[in-house]
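The lines below spell out each chain.
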Amino acid sequence: MLFANVLFAQNVDPNAVEPDFKVGYLGYKYKGNNEVAVNNYDHEILALSTPWNLEIPSTVTHNDTTYTVTSIGTGAFSGCVNLQSVVIPNTVTSIDYNAFTTCNNLQSVNIPNTVTSIGDNAFMACGSLSSVTIGENVTSIGSAAFKACLSLTSITIPNSVTTIGNNIFEACDHLENVNIGSGLTAISNHAFSECVLLKTVTFNGKTYNVTSIKAGAFSECSNLTHIEILDNVTSIEDNTFDVCSEILTICGYKDSTAETYANANGIKFVPIAELEY
């Protein structure tokens, strides 16, 4: 059989777990309750098929037992330079640590609504990744999940997301537009730092739950000209807008944390009451 003696990825990610079984060019790890994680891929098969357009199956059968694929495991496709696109089935609920790190030719990903968590570094340094759709039931996105995705130009964080890790979009140097959903409670440390082409940051609606903007969140965003900060934001940490302060206008309510921060850091402040809608 073609796949009987294929060589599976070794040491691509030091945190990756060896598969319990393989079917075709993918390896799987048991999770219990007839569920598995896809957690490895075969290098020899990839060498014969470039580029690779991957469709992860929703179920897989091994030794006459059918398992549901519910997660993409740690380091599952890390360093898979042949991977160009991936279809994630509606059975998957989590995308784990380093799952697609440095997949340099991965161009697009659609994260289905069944997924609730995206792990640290999940898509970090996917240099060709230009299109990302985050499912509407994701609640947490880990640190550096999309760091250094150099081709990404826009991103929408859906209303379901309540937490994002540090450095989540750091050094996405072609990212221009960010739309932040109403569920997020804090903009994390260096979340968008070094996004040198970032021009607009908008929030989904006139109310949102962000109460703090952490250190360096928008540092070195040298093209950021405008951000609206409502009065529920009670904490803006040091160096949040370093380097972009000369061209930046903060819009907010008078006597708010936003106005205090702007005045203390030499940033232009415009009261929301003076804006035209």
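Every value quoted in this text rests on a predicted model; they were computed, and no experiment measured them.

Caption draft 1: Quick look at the environment of Ser219. Within the secondary structure layout, Ser219 lies in the loop between strand E18 (212-213) and strand E19 (226-228). C-alpha separation for the pair Ser219 and Phe241, spaced 22 residues apart in sequence, amounts to 4.7 Å. Sequence-distant contacts of Ser219, defined by excluding residues within four places in its chain, comprise His190, Phe192, Ser193, Glu194, Asn239, Thr240, Phe241 and Asp242.

Caption draft 2: Examining the packing of aromatic side chains more closely. Taken as a whole and assessed by the stated rule, the structure comprises 17 aromatic pairs. Consider the rings of Phe21 and Tyr67, whose centres lie 5.7 Å apart with planes at 35°: the pair is tilted. You can see Phe21 sitting in strand E1 (residues 21-23) and its partner Tyr67 sitting in strand E6 (residues 65-72), a full 46 residues away along the chain. For the pair Phe21 and Tyr67, a shared accessibility class is recorded, and that class is buried. Ring plane angle 10° and centroid distance 5.5 Å describe the contact between Phe169 and Phe192, whose orientation is recorded as stacked. Of this pair, Phe169 sits in the loop between strand E14 (163-164) and strand E15 (177-180) while Phe192 sits in the loop between strand E16 (186-187) and strand E17 (200-203), and the two are 23 residues apart along the sequence. A relative accessible area of 0% places Phe169 in the buried class. Classification of Phe192 as buried rests on a relative accessible area of 1%.

Conventions we followed
- Residues numbered from 1 in each chain as written.
- Predicted model: local features only at pLDDT ≥ 70, side-chain atom pairs only at ≥ 80, totals over all residues.
- Heavy atoms only, no water.
- Helix = DSSP H or I, 4+ residues; strand = E, 2+ residues; numbered from the N terminus.
- Contact = heavy atoms within 4.5 Å.
- Phe/Tyr/Trp six-rings, centres within 6.5 Å; stacked < 30°, edge-to-face > 60°.
- Buried < 20%, exposed > 50% of the residue type's maximum accessible area, 1.4 Å probe, protein only.

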